[in-house]
Amino acid sequence: IGSSSENCAHSEDIVLSCPATSSSATPAPGSSTTTWEYRLVGGTSTYGRLEARASSTATWGTVCDDSFGSADARVACRSLG
């Protein structure tokens, strides 16, 4: 997920290793109407390629490492349930 001008080849996919926690979906920063959902694919419940979607009816998309930092990783890990 990112802007169309970015190069988000699979070599730039985010792979996370999260501590085992339970939480729910998290509102996007600065947005009171969008609830982002996250999941880890191709690994375990605490490790894998990060995918996100803006609602339960939206398509899942792989998160690209462009502009993705440690604060983003913490939000995603907290949001995995």
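Predicted model, so just to flag it, every value in this text is computed and none were measured.

Undergrad: Let's hear about the confidence of the model for the chain: which residues, and what values?
TA: Fine structural detail should not be taken from predicted coordinates in areas where pLDDT scores are low. Across the chain, the average pLDDT comes to 78, with 74% of residues at 70 or higher. The secondary-structure element of the chain with the lowest mean pLDDT is strand 2 (residues 26–27), recorded at 54, while strand 4 (residues 47–53) shows the highest, at 92.

Undergrad: Before we move on, can you summarise the pattern of salt bridges with the specific residues and values?
TA: Any two side chains of opposite charge can pair, so long as their charged atoms come close to each other. For the structure shown, the criterion picks out three salt bridges. A salt bridge links glutamate 37 to arginine 53; the nearest nitrogen and oxygen atoms lie 2.7 Å apart. Pair noted here: glutamate 37 is in strand 3 (residues 35–41) and arginine 53 is in strand 4, with a separation of 16 residues, a long-range link. The salt bridge involving glutamate 51 is made with arginine 39; its shortest N-O contact spans 2.7 Å. In this pair, glutamate 51 sits in strand 4 while arginine 39 sits in strand 3, placing the two residues twelve residues apart along the sequence.

Undergrad: Now, about the state of the cysteines: what can you tell me, with residues and values included?
TA: By the definition in use, this model includes one disulfide. What pairs with cysteine 18 in a disulfide is cysteine 77, and their sulfur atoms sit 1.9 Å apart. Note on the cysteine 18 and cysteine 77 pair: the S-S dihedral is about -70°, so by sign convention the disulfide is left-handed. Highlighted residues: cysteine 18 in the loop between strand 1 (15–17) and strand 2 and cysteine 77 in helix 1 (residues 70–79), separated in sequence by 59 residues. Residues cysteine 18 and cysteine 77 agree in their burial class; the two are buried.

Basis of the calculations
Residues numbered from 1 in each chain as written. Predicted model: local features only at pLDDT ≥ 70, side-chain atom pairs only at ≥ 80, totals over all residues. Heavy atoms only, no water. pLDDT = per-residue confidence, 0-100. Helix = DSSP H or I, 4+ residues; strand = E, 2+ residues; numbered from the N terminus. Salt bridge = Lys/Arg side-chain N within 4 Å of Asp/Glu carboxyl O. Disulfide = S-S within 2.5 Å. Buried < 20%, exposed > 50% of the residue type's maximum accessible area, 1.4 Å probe, protein only.

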